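# Fold and contact review
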Amino acid sequence: MGCCSSAAQSSKREWKPLEDHSCTDVPWLLLFILFCIGMGFICGFSIATGAAARLLSGYDSYGNICGQKNVKVEGIVNSGLDLTHKKYVFFLDPCNIDLVHQKIKSIALCVSACPRKELKTLADIQKFAETNGSSLCSYELQPSEYTTDPRAAKLCPKYPVPESAPIPFFHRCAPVNISCYAKFAEALITFVSDSSVLHRLISGVMTSKEIIMGLCLLSLVLSMILMVIIRYISRVLVWILTILVILGSLGGTGVLWWLYAKQRMSASGLETQIAKDNLQALLIYAIAATVFTVILFLIMLIMRKRVALTIALFHVAGKVFIHLPLLVFQPFWTFFVLILFWTYWITVLLFLGTTGSPVPNEEGFVEFRMSGPLKYMWWYHVVGLIWISEFILACQQMTVAGAVVTYYFTREKRNLPLTPILASVSRLVCYHLGTVAKGSFIITLVKIPRMILMYIHTQLKGKENACARCMLKACICCLWCLEKCLTYLNQNAYTATAINSTNFCTSAKDAFVILVENALRVAAINTVGDFMLFLGKVLIVCSTGLAGIMLLNYQRDYTIWVLPLIIVCLFAFLVAHCFLSIYEMVVDVLFLCFAIDTKYNDGSPGREFYMDKVLMEFVENSRKSMKEAGRGGGAEGRELKPMASGASSS
């Protein structure tokens, strides 16, 4: 892969954007490749042991695979049959579903054809077998014995036999009427209270499918438009939000003091103890609200310059998407790769469910079970789901970081590569896959314990005491917070790697130092910026939902449009989240580049800034404020001092 030795990386401390490239965290790349080989071994093992044939062709309760000749299973009657002409699996009682073990508790047989109409009596079952050549009773009964043999009550299907049809590619006879599986949708059934409403909801979706597709396309277009225009409205939007927050806190505090004064003036000497307690509570609430409002006002006063930086970064992020339009499509490629991997993972998981040696169970039928260490393969498979999914997401972060870093540290934008995104992907594949593998593994280490605790909490729901429940929730919450912090640090570490081509630990340490030096700026960007993007998501969902209400309202007389509207709104939020998350990622990368730029450059000859004109204006305004405040000035005057000192020390 074009990798070379990277032993000297740990001693590289000077930031040299895009000057050289070297391989990073090669041992972790080798470990990840070995892990993927292990995932491939699980897939190959399950196919080699016949799991793929059992999954696709289906098998009966005696271990016979439908549609082929079979080998006799020791101690099992009706095994080893030639079922070449019987290609479909038929369940004698398909509606007897075991929700605990998630399987159908019924004898399974291989048949020639599925019953395409309801069979109400044994005579109908016998006639179907004689007409279609498909015996629906157990193998030891001949069709002529269906109505005369007393064993038919146990060895024939429970009647009436529902109309069924084969599932495409999986050769199972499934009832056409979905009410048979109503237990799987208990929550939905209890909500709609009867199956007729469920049918009307489904028919509403089918009737409105063209409108649903059009609204989903509308949400996609709105998201792309918002990403372009957000840089023009960011300044107005931020200050509107700031004013609304201040007015809201002042209004709430004023109402609390007004209620306290009103109740105190109307109080009499005969007031009850409850009235006194309420008056005291109002006083406490009013004081707390006043303190909160004062603190909030001071924070906004101190951070108003940082808010200006957030506005400037959003403006520059809009320019990035103009110069790098392929960034807009990054969520599509990531989602497509994730879907492919998840499809593969689910397929192998289904293979594992039918892998193993045939073993007689207590009822005399065959089950396929794995023994020894092989029965723990699904744990490895689950870890693979988390690690590889996180690896794919981390590749997206590294790709975006590499492209934005190239844009920021290229002084003449005319000299940008023809496709910075593809150039970033090329650098990722050639040099930094090991770093991505290591960062995603760290997230996996935190995510697995959290998922285990969540599973334990679900299994013990209603059984554990209050103290244990509280401790479990606290541990889950702490692990979730740790995961979010590590994800944010990882993203900045990928940016540092893209800039300086250092290994993961060195990059994470360097990025952490930069973030600590600019803690207030980070807080402003992650609060104001995230809230702006959240409002953008709300705007897209509301706009799409409003359009949906107006369009679906014309069908109100002959269709239920509640479910179509919910589907549209959920899709709109998903699309908005994908697009605006890329926008947020670009802003975070730009901030780290800006912090590094101001730390190691001061605008003098030989140390010129790389930043955009909008960010340059911010720096100039900060310097003017620093001169006005003097050497002993306040927070505004010290805005650039920590980074300036870092620059002088370098």
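Just so you know, these numbers come straight off a predicted model, no measurement behind them.

Our focus in this paragraph is the overall build of the protein. Looking only at helices and strands, the protein features 17 helices and eight strands. For the protein, buried positions account for 43% of its 650 residues. Restricting to contacts in the protein with at least 6 residues of sequence separation, those with at least 24 account for 70%. Summed over its atoms, the accessible surface of the protein is roughly 34,300 Å², and 68% of this surface lies on carbon and sulfur atoms.

Okay, the packing of aromatic side chains next. Inspection of the entire model under this criterion finds 17 aromatic pairs. An angle of 45° between the planes, with centres 5.3 Å apart, marks the rings of W28 and F441 as tilted. Here the residue W28 occupies a position in helix α1 (residues 26-48), and F441 occupies one in helix α11 (residues 420-459), the gap between them amounting to 413 residues. With a relative accessible area of 23%, W28 lands in the partly exposed category. Taken together, the ring pairs connect W28, F32, F35, Y380, W387, F391 and F441 into an aromatic cluster.

Here α11 contains 40 residues, and its C-alpha end-to-end distance of 49 Å is more than 12% below the 58 Å for a straight helix at 1.5 Å per residue. At H432, α11 is deflected by roughly 85°, the largest bend along its length.

You can see E608 is positioned in the loop between α15 (562-600) and α16 (613-629). Sequence-wise, E608 and T598 are ten residues apart; in three dimensions their C-alpha atoms are separated by 9.7 Å. Sequence-distant contacts of E608, that is, excluding residues within four places in its chain, are made with R411, D597, N601 and G603.

Here we come to a nonpolar patch on the surface. Residues L217, V221, I225, V228, I229, Y232, I233 and I322 make up a contiguous nonpolar surface patch of about 700 Å² in total accessible area. A per-element tally of the nonpolar patch places helix α7 (residues 209-266) first, with seven residues. Among the secondary structure elements, I229 is positioned in helix α7. The partly exposed category is assigned to I229, whose relative accessible area is 36%.

Our next topic: the state of the cysteines. This structure, assessed with the given rule, holds three disulfides. Linked covalently through their sulfurs, C114 and C173 form a disulfide whose S-S length is 1.9 Å. Negative torsions about the S-S bond denote left-handed disulfides, and the value of about -80° found for C114 with C173 makes this one left-handed. Of the two residues, C114 is situated in the loop between β4 (108-111) and α3 (122-132) and C173 in strand β6 (residues 173-175); the sequence distance between them amounts to 59 residues. According to the relative accessible area criterion, C114 is buried, its value standing at 6%. Two residues, C137 and C156, share a disulfide whose sulfurs are 1.9 Å apart. What sets the handedness of the C137 and C156 disulfide is the S-S torsion sign, and at about 110° it is right-handed. Remark: C156 occurs in the loop between α4 (152-155) and β5 (164-166) and C137 occurs in the loop between α3 and α4; sequence separation between them is 19 residues.

Put simply, α1 and helix α9 (residues 330-353) touch, their axes get as near as 9 Å, and they point 45° apart. Between α1 and α9, the angle is such that the two are oblique. In terms of crossing hand, the pair formed by α1 and α9 is left-handed. Touching M39, G40, I42, C43, S46 and I47 of α1 are Y344, W345, V348, F351 and L352, all from α9. Looking at the contact of α1 with α9 residue by residue, the class counts come to nine nonpolar, two polar and no charged.

Let's shift gears to the nonpolar core. The biggest cluster of nonpolar side chains holds 84 residues, and the ones touching the most others in it are L327, Y408, Y583, V586, L590 and L615. Of the residues forming this core, the biggest block, 17 residues, is contributed by α15. One finds I76, L109, L119 and C156 within the second-largest nonpolar core, a separate group that totals 33 residues.

Take the environment of L81 next. The topology assignment puts L81 in the loop between α2 (51-57) and β1 (88-91). With a relative accessible area of 27%, L81 lands in the partly exposed category. Separated by 19 residues in sequence, L81 and Y62 place their C-alpha atoms 9.4 Å apart. Those residues in contact with L81 that lie beyond four places of it in its chain are N64, Q68, K69, N70 and Y139.

Inspection of the entire model under this criterion finds five salt bridges. In this structure, the salt-bridge partner of E483 is R450, at a minimum N-O distance of 3.0 Å. Here E483, found in helix α12 (residues 466-500), pairs with R450, found in helix α11; they are 33 residues apart in sequence, far enough to count as distant. Since its relative accessible area comes to 5%, E483 is described here as buried.

Let us now look at the confidence of the model for the protein. Model confidence for the protein is summarised by a mean pLDDT of 77, while 79% of its residues fall at 70 or above. Long-range and interchain partners of residues 1-12, a stretch whose pLDDT sits below 50, account for 27 contacts in this model, where long-range means more than four residues apart. Taken together, the stretch residues 182-199 has pLDDT below 50 and engages in twelve contacts with residues farther than four places along the chain or on a different chain.

To continue, consider helix α10 (residues 377-408). Between its first and last C-alpha atoms α10 spans 46 Å; for 32 residues at 1.5 Å apiece the expected length is 46 Å, and the two agree. Taking burial as the measure, the 32 residues of α10 include 25 buried ones, the bulk of the element.

Turning next to the side chain of H432. With respect to the helices and strands, the residue H432 is situated in helix α11. Among residues more than four places away in sequence, those in contact with H432 are S22, T24, M398, R427, T497 and S501.

Of note, D25 is a non-glycine position whose phi angle comes to about 55°, a positive value. For D25, the location among the structural elements is in the segment before α1. Overall, the relative accessible area of 8% leaves D25 in the buried class. Positive phi is not limited to glycine here, since N78 has a value of about 65°. Relative to the elements of secondary structure, N78 occurs in the loop between α2 and β1. Assessed through its relative accessible area of 18%, N78 is described here as buried.

Thresholds, definitions, all that
Residues numbered from 1 in each chain as written. Predicted model: local features only at pLDDT ≥ 70, side-chain atom pairs only at ≥ 80, totals over all residues. Heavy atoms only, no water. Helix = DSSP H or I, 4+ residues; strand = E, 2+ residues; numbered from the N terminus. Buried < 20%, exposed > 50% of the residue type's maximum accessible area, 1.4 Å probe, protein only. Contact = heavy atoms within 4.5 Å. Areas by Shrake-Rupley, 256 points an atom, 1.4 Å probe, with all protein chains shown as cover. Phe/Tyr/Trp six-rings, centres within 6.5 Å; stacked < 30°, edge-to-face > 60°. Expected span 1.5 Å × (residues − 1). Bend = angle between axes of the 7 residues up to and from the residue. Patch = residues over 30% accessible without salt bridge, like charges linked within 9 Å, V, L, I, M, F, W, Y side chains within 5 Å. Salt bridge = Lys/Arg side-chain N within 4 Å of Asp/Glu carboxyl O. Disulfide = S-S within 2.5 Å. Axes fitted to C-alpha atoms, helices over the stretch in contact; angles between N-to-C directions. Parallel < 35°, antiparallel > 145°, perpendicular 65-115°, else oblique. Left-handed = near helix turned anticlockwise from the far one by under 90°. Nonpolar A, V, L, I, M, F, W, Y, C, P; charged D, E, K, R; others polar. Core = buried A, V, L, I, M, F, W, Y, C linked by side-chain atoms within 4.5 Å. pLDDT = per-residue confidence, 0-100.

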